Amino acid sequence: AQTVTQSQPEMSVQEAETVTLSCTYDTSESDYYLFWYKQPPSRQMILVIRQEAYKQQNATENRFSVNFQKAAKSFSLKISDSQLGDAAMYFCAYRSGGAQKLVFGQGTRLTINP
Amino acid sequence: DSGVTQTPKHLITATGQRVTLRCSPRSGDLSVYWYQQSLDQGLQFLIQYYNGEERAKGNILERFSAQQFPDLHSELNLSSLELGDSALYFCASSVDLRGTDTQYFGPGTRLTVL
């Protein structure tokens, strides 16, 4: 079974600085997708960014980018120019290409210090 | 706003009772997923429906059941409730079953069992 591990339960960063959240996963499949979801205090799950395993280029969405290291099975999220509104729980998730369910990591709580 | 709606937002009930959680997917989405978020288990996939038919099952208890109706809304039924069933229950939807399809989450239903 696939597993997703987020080794940092909590992270903090100064406003306007850059922070990187770590995620590793375990799979024997070659076709899969990786995601970062944000869960602010409202509890809504919001998709931040998505990476297809077959793509070598790292995904980028505005201030959010990933470092996808397929061989190392690592998928970190970099947030540049951190803003107060980025404070949330961040979940890394895996999805097999042959199935639709998401497998989530334990989450990282990100605090932004003004 | 993801376009996925869930009712009710909050539900407080007693042990042994039965409740029904409702989800309306985004317009045009055929696939519905249910997830449970609890403090001890994290975010876990429960069950998936696609165009009215059960597609995949995860860690769903026998006391729980779900269905998707012809208008594509879905209901999650929880019976013989226990204290440990207290959690945030999310519904998500996606257009189809393609690997590229993104799951969009509803705001969740917070269930408290007293």
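Just above, that's the structure.
What counts as what
Residues numbered from 1 in each chain as written. Chains lettered and ligands numbered in written order. Predicted model: local features only at pLDDT ≥ 70, side-chain atom pairs only at ≥ 80, totals over all residues. Heavy atoms only, no water. Helix = DSSP H or I, 4+ residues; strand = E, 2+ residues; numbered from the N terminus. Contact = heavy atoms within 4.5 Å. 1 Å grid on protein atoms, 1.4 Å probe; cavity = no way out; pocket = protein on both sides within 12 Å on 5 of 7 lines; lining within 4 Å. Points joined across faces, edges and corners; volume = space filled by probe spheres on them. Nonpolar A, V, L, I, M, F, W, Y, C, P; charged D, E, K, R; others polar. Pairing = 2+ DSSP bridges. Axes fitted to C-alpha atoms, helices over the stretch in contact; angles between N-to-C directions.

Caption draft 1: Focus on the side chain of B:D101. Within the element layout of this structure, B:D101 appears in the loop between β9 (87-94) and β10 (104-105). In this structure B:D101 touches A:R50, A:R95, B:S94, B:V95 and B:D96, once residues within four positions along its chain are discounted.

Caption draft 2: Just the layout of surface pockets, in detail. In this model, the largest pocket occupies a volume close to 470 Å³. Together, 23 residues line the largest pocket, and A:R43, A:M89, A:R109, B:Q37 and B:L39 are the ones closest to its centre. When contributions to the lining of the largest pocket are tallied by element, the ones reaching two or more residues are β10 (88-96) and β12 (108-113) of chain A together with β4 (31-38), β5 (42-50) and β9 of chain B. The element that contributes the greatest number of residues to the lining of the largest pocket is β10(A), accounting for three residues. For the lining of the largest pocket, the residue count by class is eleven nonpolar, eight polar and four charged. The calculated volume of the second largest pocket comes to roughly 320 Å³.

Caption draft 3: Up close: the sheet that holds strand β8 (residues 74-78) of chain B. Residues and elements named next belong to chain B. Strand order in the open sheet formed by four strands is β1-β3-β8-β7, with antiparallel pairing between adjacent strands. Each edge of the sheet is formed by a strand with only one pairing partner; in this case those strands are β1 (5-7) and β7 (64-68). In this sheet, adjacent strand axes meet at a mean angle of 15° when their direction is disregarded. Inspection of the sheet shows strand β3 (residues 19-24) paired to β8 by five bridges, in the antiparallel sense. Across the sheet, R22 pairs through a bridge with E75, a residue of β8.

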